[in-house]
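Structural overview
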Amino acid sequence: MTDLPVSIDATLEGLQAAGYVSDRPLATVLFLALRMRRPLFLEGEAGVGKTEIAKVLSRMLDRPLIRLQCYDGLDVSSAVYEWNYPAQMIEIRLAEAAGTVDRERLSTDIFAERFLIRRPLLRALEAAPGMAPVLLIDELDRTDEAFEAYLLELLSDFQVTIPEFGTIRAEEPPIVIVTSNRTREVHDAIKRRCLYHWVDYPDAERELEILRLRVPDASERLAREVTAFVQALRGEDLFKRPGIAETIDWVTALHSLDRTVLDPATINETLGVLLKYQDDISRMQGSEVERLLAEIQQELAARGRL
Amino acid sequence: MTAAPDAGSSPDPEGGRLAENVMHFARILRKGGIPVGPGRIADALEALQLGCITSRADFYCTLRACFVSRHDQQPFFDQAFDAFWRAPKMREQLLSLLLAQISRLQGPSERRAGSRRLAEALFDEQDLPQGQPAQELELDASFSASLDEILRHKDFEQMSSEEQAEAKAALARMRLLREPRPTRRFRASSSGAELDLRRTLRQQLRAGGQLIGFPRKERRMRLPPLVFLCDISGSMSGYTRMLLHFIHALANDGDRISVFLFGTRLTNITRDLQRRDVDEALDRVSKSVVDWSGGTRIGHALHEFNFRWSRRVLAQGAHVVLITDGLDREDAAYVADEMRRLKRAATRLIWLNPLLRYAGFEARASGIRAMLPHVDEFRAAHNLASLEDLAETLFKPDMGAHDPRRWLRQSPAA
C-alpha cells in the first residue's frame, strides 16, 4: 500500500506513473478528495475516462478496487447486503430438531453475521485499517432517485444500517468515486456531499500524450494525424462526439491494419470505430471525411514547417 | 471526517482575511443562483488549508471543486471568479457591474408575480375568478358541473378575459391520467406473484420457528417521465398562455415532467415552472424566454432538443407531448429527419395541434405532412373540452381515434 500523496504535484506525478495523463484541475480535485476524505463526483460525456480515473487511483495507491455498476432498479439486496435465506431456514429447522427453540436466542442466531451476504457497498466499508479500498459507483444517473437517497447515509457518514443487525461503520472511509454520464440530473443532496469535477474532452496535446502512452507502437505521424482528425471531428455537428476511448480504439485498429498515415479510404472503412450512430456515420462518410482530412493535413504540414 | 472549522472564525493560515473574502465570494455566487451553503464555505476553507493556495490556478480549481455542482454553473463561476479575485482595488466597481448583470438575469425580487392577484383582491373582489380555496378543495379532474358547455367548447382564441379567467381556474384543476409502468423494484403485496423471503423469515422468527404463511411481493409501479415541447411562435400566440396554464397544473401535480418552449430557439423552463403560484411561475418563464411570438423553426428546435436534451430527459421510457401548429418555413425534409430521431428516442410521441379546431382541417402544409408519419397520436388542443379529454384519456387505448394516418389518408399531397 502506498501513502496518500502530499501535494498536488505529487498527485500529478503519481497519476502519470500509473499510466494516466491528467491535467492540473483534475489532479487538484483528486488530491482534495483524498485529503479531505470526501467522495469525488465526476461528470462528463461518455468515453472521456471517468471510470479509468478510479482504476488508476487503485493502481496508484495500491488498493483494491470495488466497483458497483448502477442500473435502473438497483436495490439494496444487490448493492449492499442480502440475508442468506435458505441457510437461515435450515438453521431454524435444525434448532427445532434439537428442541432448543428459544425465540430470543433464535433471532440473534438467525440474523448473525455468517448469514449476511456482502455486496459491493458493504464490502467497501469492512476493509482493514490502512487498506481502505477505492469504491467506484459507476454511472449513478442510471439508477432511480430512491437509490440515490439510500446512498446519502453511506456517502456522508460511511455507514450502513441493517435493521436486523445494526449499524456497520467503516473504520477507515473508502475512497469513493461516483461517475455520471448526465443522462439525468443527479440530486443536489448527493452532490453536496461530494467534490464535483466536470471531465471534459482532452485538448490536442494531452490526447496525443495519452495515445503515446496507451498505444506506444503506433507511428508518431499516425498518432498526430489521428489526434488532429478526432479533435476536428468533435467540432462537427454530431449526435455523439467520439471520446478518448474511441480515439484509442481507432489508433489500435489502424495500427493493426498496418497503417502509418491516414487516408480517406481507410477512414471510411473504419469510421464505425469512432462514430456509433448511423446518422453520424452517413453524415461524415465520403466528401466530409476528405474535407476534414485535407484540412488537418494542411495544418500539420504548416506546423511542421515552423 | 474531522470537524470543519467554522467559516467566520477560521484560523487563517495566511493571517490575512482569506476566510472573509471566500465568504463574500460565496455570497456573490449565491446571488447568482449557485446554492453555496455555509457547509461548503467551511469545506473550501479546509481545502485551502491543505496547501492549495500556492498558485492562482490551484486556488481556482480548489474553489471550483467545492462550490460548483453542476456543469452549467461553471460559466457564471468563472466570470465571478475573474471579477472577484483579480484586482482587489477595483473590486467595488466590478462587483456593482456583476450585480447589475445578475439582477438582470434574476429580475427584481419585489416585482413578485403574485402582486397582480393581490391588487385584484384589494380593489375588486367581485371580479375575481374562482378563488384559490375552491381550487384547493376540488380534487376531481372533471369540471363539467361547474362550467357550462359553451365555455368548454369555446376556442381559447375567442374567449373574453373573464371567460379566460374562468378557463384558467378550470385548467388549474386538471390532472393527467398517466399510465404507470412496472419497475424492477418490489413492494409487499398480498396478491403479489412472488414470494417475499425476507418477510417470511421474520414472521417465522416471530412465531418461534413456526411457518405461518408466505408473504408475497409485487413489482412497484412508476410513472414514466413526461416531456412537453411547446411552440410559442406568433401563429400560436392565441393558445400559448392557456396551454402554459395547463402545463403548469400538470407539472405541479406529478414528478418527472420536463417542459421546453420553442420559437426560433429552445428554452428549458422546467425549473421556472416549479412554483405553486401560476402567475409567479409564468412570470419567471417569460423572463427566461426571449423569443415570444416570433417565427418558428420547428426543425431547428427539435434538432437542439435531440442533440442537447434527449439523452438527459428521455430515459426510462419517456412520453413526449409536442404542441405546435406545424406551420414553419424550413425545409420539410429536415423537420422529418428530426421527428424521426425524436420518435426513436421517445416511447410515445403525441402531437397536439390547435389547428384541428377547423372542421375541415386537412394535412396539406408540407411541415405538417412531414411530421405526421412520425407521431403516435394527433389531437386537438384549442378548447377546454379537448384538453379535458386529453388529460383523461392520454394513455388509454383509443382504438385509432387519434391515429395520425387518418389525416394523411384524407388529404392527398398538396
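Position numbers for residues start from 1 in each chain and track the written sequence from start to end. Going through the entries in the order they are written, you letter the chains from A and number the ligands from 1. Only residues with pLDDT of at least 70 get local features here, since the model is predicted, and only at 80 or more are side-chain atom pairs given and counted; chain-wide, interface and lining totals rely on the full set of residues. With hydrogens and water set aside, each side-chain value is computed from the structure's full complement of heavy atoms.

With respect to the overall build of chain B
The test is simple: Numbering of helices and strands runs from the N terminus, with a helix taken as a DSSP run of H or I at least four residues long and a strand as a DSSP run of E at least two residues long. For every residue, the accessible area (1.4 Å probe, protein chains only) is compared with the maximum for its type, and the residue is labelled buried under 20%, exposed over 50%, or partly exposed between those bounds. Two residues form a contact once any of their heavy atoms are found within 4.5 Å. The accessible surface values rely on the Shrake-Rupley method and a 1.4 Å probe; as for residues, cover is taken only from the protein chains in view.
Within chain B, the regular secondary structure consists of 17 helices and 9 strands. The 414 residues of chain B split such that 47% are buried. Within chain B, residue pairs in contact and separated by at least 24 positions form 74% of the contacts whose partners lie at least 6 positions apart. When the accessible surface of chain B is summed, it comes to about 20,600 Å², and 51% of that surface belongs to carbon and sulfur atoms.

Concerning the overall build of chain A
Selection rule: We compute the radius of gyration from the C-alpha atoms alone; for a globule the expected value is 2.2 Å times N to the 0.38, where N is the number of residues. Charged-residue counts in this description rest on Lys and Arg as positive and Asp and Glu as negative, His and the chain ends being excluded. Just so you know, the charge point we use is NZ for Lys, CZ for Arg, CG for Asp and CD for Glu.
Helix and strand content of chain A: 15 helices and 9 strands. Relative to the globule expectation of 19 Å for 306 residues, the C-alpha radius of gyration of chain A, 25 Å, shows a markedly less compact shape. Over its C-alpha atoms, taken along the principal directions, chain A stretches across nearly 90 × 45 × 35 Å. In chain A, which comprises 306 residues, the proportion classed as buried is 50%. Contacts spanning at least 24 positions in sequence make up 74% of the contacts within chain A whose residues lie at least 6 apart. As presented, chain A carries roughly 13,300 Å² of accessible surface, and 49% of it is formed by carbon and sulfur atoms. The centroid of the 37 positive side-chain charges in chain A is displaced by 2 Å from the centroid of its 52 negative side-chain charges.

Overview of the interface of chain B and chain A
Selection criterion: Two parts placed together each lose some accessible area under a 1.4 Å probe, and the buried area is that loss summed for both. Basic side-chain nitrogens of Lys or Arg form a salt bridge, by our definition, when they fall within 4 Å of a carboxyl oxygen of Asp or Glu. Any N or O atom pair separated by 3.5 Å or less is treated as a polar contact, with the protein-specific requirement of one donor-capable and one acceptor-capable atom, and with residues adjacent in sequence counted only for side-chain atom pairs. Charged residues are taken to be Asp, Glu, Lys and Arg, nonpolar residues to be Ala, Val, Leu, Ile, Met, Phe, Trp, Tyr, Cys and Pro, and polar residues to be all remaining types, Gly included.
Counting from both sides, the interface comprises 44 residues of chain B and, opposite them, 53 residues of chain A. Interface of chain B and chain A: buried area, both sides summed, is about 4,600 Å²; carbon and sulfur atoms make up 54% of it. Run the count over chain B and chain A and you get 9 salt bridges. Across the pair D279(A) and R344(B) runs a salt bridge, and its minimum N-O distance is 3.4 Å. The interface formed by chain B and chain A holds 17 residue pairs in polar contact (both at pLDDT 80 or more) in total. Of all elements in the fold, only helix 2 (38–48), helix 3 (56–67), strand 1 (181–188), helix 10 (197–206), helix 13 (298–313) and helix 14 (332–345) of chain B reach the threshold of two or more residues within the side of chain B that touches chain A. In terms of residue count, helix 10 of chain B provides more of the side of chain B that touches chain A than any other element does, 8 residues in total. Split by residue class, the side of chain B that touches chain A holds 14 nonpolar, 13 polar and 17 charged.

As for the packing of helix 10 (residues 204–214) of chain A against helix 11 (residues 220–234) of chain A
For any two helices packed against each other, one specifies the inter-axial angle together with the distance between the axes. All names here are of chain A. Our working rule: Whenever a helix is involved, its axis is fitted only over the stretch in contact; in every case the axis is a line through C-alpha atoms, and angles between N-to-C directions fall within 0 to 180 degrees. Relative orientations are named as follows: roughly parallel for angles under 35 degrees, roughly antiparallel for angles over 145 degrees, roughly perpendicular for angles from 65 to 115 degrees, and oblique for any other angle. Crossings are classed by handedness, with left-handed meaning an anticlockwise turn of the near helix from the far one by less than a right angle and right-handed meaning a clockwise turn.
At a minimum axis separation of 9 Å, helix 10 and helix 11 run at an interaxial angle of 135 degrees. One finds that helix 10 runs oblique with respect to helix 11. By crossing handedness, the relation of helix 10 to helix 11 is classed as right-handed. Each of A204, E207, L208, L211 and R212 in helix 10 lies in contact with helix 11, whose residues at this interface are E220, A223, R224, V226, T227, V230, Q231 and R234. Class assignment for the residues of the contact of helix 10 with helix 11 results in 6 nonpolar, 2 polar and 5 charged.

Brief notes about the sheet that holds strand 1 (residues 40–43) of chain A
Residues and elements named next belong to chain A. We apply this condition: When DSSP finds two or more bridges between two strands, those strands count as paired.
The strand order 2-5-8-1-9 describes an open sheet built from 5 strands, whose pairing is parallel. Among the strands making up the open sheet, the edge pair consists of strand 2 (65–69) and strand 9 (195–198). Recorded for the sheet is a direction-independent mean angle of 20 degrees between the axes of neighbouring strands. Looking at chain direction, strand 2 and strand 5 (residues 134–138) are connected through 5 bridges and run parallel. The residue bridging R67 from the neighbouring strand is L136, located in strand 5.

Let's talk about the domain arrangement of chain A
Where we set the bar: Residue ranges for the domains originate in an automatic or database domain assignment.
Split by domain assignment, chain A resolves into domain 1 (8–73 + 120–198), domain 2 (81–113) and domain 3 (204–302). The gap between the C-alpha centroids of domain 2 of chain A and domain 3 of chain A is 62 Å.

A short note on the nonpolar core
Rules: Residue types Ala, Val, Leu, Ile, Met, Phe, Trp, Tyr and Cys, when buried and joined through side-chain atoms within 4.5 Å, form a set referred to as a nonpolar core.
If you look at the biggest cluster of nonpolar residues, it comprises 100 residues, and the most contacted ones within it are L121(A), I137(A), L140(A), F25(B), L63(B), F67(B) and F77(B). Counting residues per element, this core draws most heavily on helix 2 (residues 24–36) of chain A, at 9 residues. Excluding its chain neighbours within four sequence positions, the residues that come into contact with F67(B) are V22(B), F25(B), A26(B), L29(B), I34(B), V36(B), R40(B), I41(B), A44(B), Q73(B) and F77(B). L226(B), Y239(B), L243(B) and I269(B) belong to the second-largest nonpolar core, a separate cluster that totals 38 residues.

Considering the sheet that holds strand 2 (residues 194–195) of chain B
All names here are of chain B. Read from one edge of the open sheet, 3 strands run 1-3-2, paired in antiparallel fashion. Of all the strands in the sheet, the pair left with one neighbour each is strand 1 and strand 2. Both strand 2 and strand 3 (residues 216–222) contribute to a ladder of 2 bridges, which runs antiparallel. Looking at strand 3, one finds that L195 is bridged to R216.

Topic: helix 10 of chain B
Going by this rule: Here the arc refers to the directions that run from the helix axis out to each C-beta atom.
Buried residues of helix 10 of chain B: T200(B), L201(B), Q204(B) and L205(B), and no others. Buried residues of helix 10 of chain B, viewed axially, fall in a sector of 130 degrees; they line one side. If you follow the buried residues of helix 10 of chain B, they end up packed against helix 5 (85–98) and helix 6 (103–110) of chain A. Just downstream of helix 10 of chain B, G208(B) is the residue with a positive phi angle, here 70 degrees.

Focus on the packing of aromatic side chains
Two aromatic rings are characterised by how far apart their centres lie and by the angle between their planes. Residues and elements named next belong to chain B. We apply this condition: Any two rings among Phe, Tyr and Trp, with Trp reduced to its six-membered ring, count as a pair given centres within 6.5 Å; such a pair is stacked if its planes are under 30 degrees apart, edge-to-face if over 60, and tilted if neither. Look at NZ for Lys and CZ for Arg. If either is within 6 Å of the ring centre and within 35 degrees of the ring normal, a charge sits over the ring.
Tallied over the full model, the rule gives 22 aromatic pairs over all chains. Judged by centre distance (5.9 Å) and plane angle (45 degrees), the rings of Y60 and F77 are tilted. In this pair, Y60 is assigned in helix 3 and F77 in helix 4 (residues 74–85), connecting sequence segments 17 residues apart. Residue classification places Y60 among the buried positions, given a relative accessible area of 18%. Considering the side-chain rings of F77 and F81, the 6.1 Å spacing of their centres and the 25 degrees angle between planes classify their relative orientation as stacked. With F77 and F81 both in helix 4, this residue pair falls 4 residues apart, about one helical turn. Here F77 and F81 have matching classes, each one buried. Sitting over the face of the ring of F186, K217 holds its NZ or CZ atom 4.5 Å from the ring centroid.

So, a nonpolar patch on the surface
Note the following rule: Only residues whose relative accessible area exceeds 30% and that form no salt bridge enter a patch; like-charged residues are grouped when within 9 Å of one another, and nonpolar side chains (Val, Leu, Ile, Met, Phe, Trp, Tyr) when within 5 Å.
Together, L195(B), L197(B), L211(B) and F214(B) line one region of the surface with nonpolar side chains, adding up to about 340 Å² of accessible area. Assignment of secondary structure puts L197(B) in helix 10.

Describing helix 2 of chain B
Across the 11 residues of helix 2 of chain B, 9 count as buried, placing the element largely inside the fold. When we look at burial in helix 2 of chain B, the residues that qualify are R40(B), I41(B), A42(B), D43(B), A44(B), L45(B), E46(B), A47(B) and L48(B). Tucked inside the fold, the buried residues of helix 2 of chain B contact helix 2 and helix 9 (188–192) of chain A together with helix 1 (18–31) and helix 3 of chain B.

A closer look at the pattern of salt bridges
Using the criterion set out here, one finds 44 salt bridges over all chains in the structure. Of the charged contacts, one joins E220(A) and R224(A) as a salt bridge, the two residues approaching to 3.4 Å between their closest N and O atoms. Within this pair, E220(A) and its partner R224(A) are both found in helix 11, separated by 4 residues, close to a single helical turn. Its relative accessible area of 35% is what places E220(A) among the partly exposed residues. Residue E377(B) is joined to R379(B) by a salt bridge in which the shortest nitrogen-to-oxygen separation is 2.5 Å. Considered together, E377(B) and R379(B) belong to a single accessibility category, that of buried residues. A single network of salt bridges, built from pairs that share partners, joins E236(A), R283(A), E288(A), R291(A) and E295(A).

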